[in-house]
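# A closer look at the structure
Take a look at the letters that make up each chain.
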Protein chains: 2
Amino acid sequence: MSREAGAPETSLELARFLSASRYEDLPAALRHEAKRSLLNFFAVAFAGSREIAVETALGLLQEFAGPPQAAIVGRPERTDLATAAFLNCASANVYDFDDTHPRTVIHPTAPAAAPLLALSHRQRVSGPALLHAFVLGAETECRIGNAVSPGHYRRGWHITATCGVFGAAAASGKLLGLDAQGLLWALGNASAQSSGLVETLGFMAKSLGVGNAARNGLLSALLAERGFDGPARPLEGPRGFLQVMGEAADPSEITGALGERWELLDNTYKPYPCGVVLNSVIDGCLALQARGDCPPEAVESVTLHGHPLLRQRTDRPDVATGREAQVSAHHAVAVCLLFGAAGLAQFSDAAVRDPRVLALRRTVSIVDDAEIPVEGIRIELKRRDGTRETLVVEQARGSAGRPLADSELEDKLRRLAADGAPGCRPEPLIEAVWGLEDLADASELLRLAVPS
Amino acid sequence: MSREAGAPETSLELARFLSASRYEDLPAALRHEAKRSLLNFFAVAFAGSREIAVETALGLLQEFAGPPQAAIVGRPERTDLATAAFLNCASANVYDFDDTHPRTVIHPTAPAAAPLLALSHRQRVSGPALLHAFVLGAETECRIGNAVSPGHYRRGWHITATCGVFGAAAASGKLLGLDAQGLLWALGNASAQSSGLVETLGFMAKSLGVGNAARNGLLSALLAERGFDGPARPLEGPRGFLQVMGEAADPSEITGALGERWELLDNTYKPYPCGVVLNSVIDGCLALQARGDCPPEAVESVTLHGHPLLRQRTDRPDVATGREAQVSAHHAVAVCLLFGAAGLAQFSDAAVRDPRVLALRRTVSIVDDAEIPVEGIRIELKRRDGTRETLVVEQARGSAGRPLADSELEDKLRRLAADGAPGCRPEPLIEAVWGLEDLADASELLRLAVPS
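Scope of this entry: the structure provided in the associated data block. (Residues numbered from 1 in each chain as written. Chains lettered and ligands numbered in written order. Predicted model: local features only at pLDDT ≥ 70, side-chain atom pairs only at ≥ 80, totals over all residues. Heavy atoms only, no water.)

## Some details on the interface of chain A and chain B
Of the residues lining the interface, 62 residues belong to chain A; the matching set on chain B comes to 62 residues. When chain A packs against chain B, close to 5000 Å² is buried across both sides, 62% of that on carbon and sulfur atoms. Linking chain A with chain B are six salt bridges, by the criterion used here. The partner of Arg122(A) in a salt bridge is Glu63(B), and the shortest N-O contact between them spans 2.5 Å. Broken down by secondary-structure element, the contributors of at least two residues to the side of chain A that touches chain B are α3 (52–64), α4 (81–93), α7 (151–155), α9 (180–191), α10 (206–225) and α11 (241–245) of chain A. (Contact = heavy atoms within 4.5 Å. Buried area = accessible area lost by both parts, 1.4 Å probe. Salt bridge = Lys/Arg side-chain N within 4 Å of Asp/Glu carboxyl O. Helix = DSSP H or I, 4+ residues; strand = E, 2+ residues; numbered from the N terminus.)

## Thoughts on the packing of aromatic side chains
Under the defined criterion, the tally for this structure stands at seven aromatic pairs over all chains. Measuring from centroid to centroid gives 5.3 Å for Phe41(A) and Phe42(A), while their planes differ by 75°, and the two rings are edge-to-face. The pair formed by Phe41(A) and Phe42(A) is uniform in burial state, with each residue classed as buried. With 5.0 Å between their ring centres and 70° between their planes, Phe166(B) and Phe241(B) make a pair best called edge-to-face. (Phe/Tyr/Trp six-rings, centres within 6.5 Å; stacked < 30°, edge-to-face > 60°. Buried < 20%, exposed > 50% of the residue type's maximum accessible area, 1.4 Å probe, protein only.)

## Some remarks on the relation of the copies chain A and chain B
When chain A is brought onto chain B, the operation consists of a screw motion whose angular component is 180° and whose axial shift is 0.0 Å, with 0.1 Å RMSD remaining. The superposition of one copy onto the other is thereby described by a two-fold rotation axis. Residue Gly66(A), judged by its C-alpha, is the member of chain A lying nearest the rotation axis, at 1.9 Å. Most of the interface of chain A is mirrored in chain B: 100% of its interface residues are interface residues there too. (Least-squares fit on C-alpha atoms with pLDDT ≥ 70 in both.)

## So, unusual backbone geometry
Residue and element names in this part refer to chain A. The omega torsion of the bond from Ser149 to Pro150 falls at 0°, within 30 degrees of zero and hence cis. Checked against the element boundaries, Pro150 lands in the loop between α6 (127–148) and α7. If you check the backbone angles, Asp96 has positive phi at about 55° while not being a glycine. Relative to the assigned elements, Asp96 resides in the loop between α4 and α5 (109–119).

## Brief notes about the nonpolar core
Counting 238 residues, the largest nonpolar core has Phe42(A), Phe241(A), Leu445(A), Phe42(B), Phe46(B), Phe241(B) and Leu445(B) as the members making the most contacts within it. Those residues within four positions of Phe42(B) in sequence are excluded, and the remaining contacts are Val73(B), Leu117(B), Leu413(B), Leu429(B), Val433(B), Leu445(B) and Ala449(B). (Core = buried A, V, L, I, M, F, W, Y, C linked by side-chain atoms within 4.5 Å.)

## Things to note about the packing of helix α2 (residues 28–48) of chain B against helix α5 (residues 109–119) of chain B
Residue and element names in this part refer to chain B. Direction vectors running N to C along α2 and α5 enclose 85°, while the axes themselves pass 10 Å from each other. Taken together, the axes of α2 and α5 are roughly perpendicular relative to one another. Two secondary-structure elements touch here, α2 through Ser37, Leu38, Phe41 and Phe42 and α5 through Thr109, Ala110, Ala113 and Leu117. The residue inventory of the contact of α2 with α5, partitioned by class, reads six nonpolar, two polar and no charged. (Axes fitted to C-alpha atoms, helices over the stretch in contact; angles between N-to-C directions. Parallel < 35°, antiparallel > 145°, perpendicular 65-115°, else oblique. Nonpolar A, V, L, I, M, F, W, Y, C, P; charged D, E, K, R; others polar.)

## A short note on the sheet that holds strand β5 (residues 377–383) of chain A
Residues and elements named next belong to chain A. Reading across the sheet, the four strands line up as β4-β3-β5-β6 and stay open at both edges, with mixed pairing between neighbours. Two strands in the sheet have a free side with no partner beyond their single neighbour: β4 (364–368) and β6 (388–393). Going across the sheet, the axis of each strand differs from the next one's by a mean of 20°, ignoring polarity. Contacts between helix α13 (residues 279–291) and the sheet are confined to β3 (299–306), β5 and β6, with β6 contributing the most and set at about 135° to the helix. (Pairing = 2+ DSSP bridges.)

## A word on empty space enclosed by the protein
Within the structure shown, the criterion is met by seven cavities of 30 Å³ or more. Forming the boundary of the largest cavity are 16 residues, of which Phe64(A), Thr83(A), Arg215(A), Phe64(B) and Arg215(B) lie nearest the centre. Those elements giving two or more residues to the lining of the largest cavity turn out to be α3, α4 and α10 of chain A together with α3 (52–64), α4 (81–93) and α10 (206–225) of chain B. Class assignment of the residues belonging to the lining of the largest cavity gives a composition of ten nonpolar, two polar and four charged. (1 Å grid on protein atoms, 1.4 Å probe; cavity = no way out; pocket = protein on both sides within 12 Å on 5 of 7 lines; lining within 4 Å. Points joined across faces, edges and corners; volume = space filled by probe spheres on them.)

## Remarks on helix α16 (residues 329–339) of chain B
Residues and elements named next belong to chain B. With respect to burial, α16 is a largely interior element, ten of its eleven residues being buried. Where α16 is concerned, the buried positions are Ala329, His330, His331, Ala332, Val333, Ala334, Val335, Cys336, Leu337 and Leu338. Two residues or fewer past α16, Gly340 is found with a positive phi of approximately 60°.

## A short note on the environment of Glu431(A)
Within the fold, Glu431(A) resides in helix α20 (residues 426–434). Residues Glu431(A) and Thr314(A) lie 117 residues apart in sequence; the distance between their C-alpha atoms is 38 Å.

## Considering the pattern of salt bridges
Under the criterion given, the structure shown has 66 salt bridges over all chains. The salt bridge involving Arg356(A) is made with Asp354(A); its shortest N-O contact spans 2.9 Å. The salt bridge involving Arg378(B) is made with Glu380(B); its shortest N-O contact spans 3.6 Å. Connected via shared salt-bridge partners are Arg124(A), Asp441(A), Glu444(A) and Arg447(A).

Spelled out as structure tokens, the structure:
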């Protein structure tokens, strides 16, 4: 345990906090936000449960999987705990439709929640215990993310994966009741397994980094429970995570105001399965379509006046795949005006090839306006009959200033269950999530998340 | 597949080479060196097969493991292929007694060989096919290591793990007969899983990074076989491995003279289970002891005149654990003069506590002499009766200039099998490795490496 004089003991301080934290210490608003995060988790895990990367991974992993201990969200199969953690985390993230911690761009829930749901099939876990461990896992990954942001992501690290493994380890370790030493080892075991490159985004390979975060974090804690030791300073040590994978990292972000400031309170949820900068475009075009006075054939041109980031990220008049369509403003405008919807079906490969979509995409152009905030948009519509119209969206749905309502999260879950996981009944699951604080056996959640 | 004009296509070039490589193209000396590497692998895997980190990991992983498809070196249990790859790689590396590629300090054989041995229990694999895939796996990891050395390790990356996953993916992909596109995806899937920090060395956590290299590389190739895709430029892309995890990486190291220069020809093997800089010290002290004219009670002082690196790395008169003793010159001198041996037993926790060892450690001191090469040593012995003696070792056993003979590698295997894996019979295994080019079914190797 040698260390330089006066050096911070970041890892130990974090481990001590995690160990000492009591459920009663969590503010009510935080507990509520945790439930919202879990609702959103199940929604997006339903959506991803039959995505091709998830199907392919499941097909292979079942060849090596152990006893059918745990459920896979949205699917009839069961698998071993570690594989279930991998798959449930990967499927919740595969469409990038999951939650976002704005400061770090971490999608926090999948890595922290997936191992806990798996563990609830191994030992009796109460609803509050699961909620508590989840909050601490999300806190751990987001704080470590804060410490290395923005340099870490900018360099090319897929931060949901690289920091997620620590969240998974902390959450799992807390649920296992590890003491501070055990949690420190869990973080150390996680540090040996932190991986994930931005280069893999847009490819199935992305899901390996993300799924591993949950699986390997879970194993990190279970190994620590058995005395599998790690370094004393996995985060702040001279060859530890912050030094090696951070860029000018700030360890005080990890330990500052622990138990007072809670990162999960800043969590946000996406209304649409595409790049967040498109949210306001979609809001506006859906509003236009809903009025019924601009049928596609009447459209001459649609001009989007937006923050320069909109053009930089989404100026893609020609896209070839559903995945690419998720970052095309032209495609977003077209499907909204045509179908009055912006769900997974509208961002599929089939939608991209629809000739009506192709025709409408060509009417769209983007103009920079640095005065417009990144959450807003000004849409100028010109009809073939010469009439013009302007529609302004100040703040998109799902942004920090205009969060999705509880009922909207419920609807997201219902819609994605229907789309992605036939046979799953959303209502009892929604009820169980809201009632998590009174749930005696949290394994109920996963049991309600599979086809009946 | 977008890329900048004129940018190198490092990953694709490597994948094409791996795909096109034929067994017949391998020089005879290279095939022989590959067999030596495998002999050394089995030796050190026997040694590590009951080490505490391996025991602990096995105990946990069996809870989640699938069908008993593959053998674990030195042990009676069987486990699924992925878990077997993890354990066989981890146990071969756990004592740092495995091989060393001098330029990168990668221990190349464990990550590349462990998945191939596992795969030989899944499909019929000939000896030459296994040998060929192993050589290509080792080539891949060492070349990627060359491209990021020395900055990568210096920054704090455990290079055996971070580069090993690529070697495991390449080796597995070759054995599966993937084409260039499949091998490219295998490398891409590996890139999402490259991890391992130097901070974890000296702790059980180290074995997670190393074991994962084999397991995750294997899965990377098996997933690629099923069409699980990765980025077009996992190594050289703007957010790929070289840019994110390298420090001023040189991609030409990966593709230069492919098929002409072979990295495995530079592989070295340790005669003793400790830091390589101690090899000459041990050689000299064993020679002194063998002569029988300097019994421990006669020793007044032992002065080691060596390259400054010797003092920097091994000036540790007081050590508390066997692991620490592996980098203590004082301990090495003491056990050699006392026991005439420098094996695992002499670097155990028990040996460290032996009062005779403690007494003798105090007689040792180290003096810098920059004129002495790092592979050499001058030992000055002073007896209590006033007589003095000087012994010079020019090149330690196991260094590049004085490689272990084939028979010494065989002896290492025999010794470590006897020490670490009771019930395992070394002779048929040694014979099978030497006869690998004529072996019809390479699964014979693992079958011969378990207790009979």
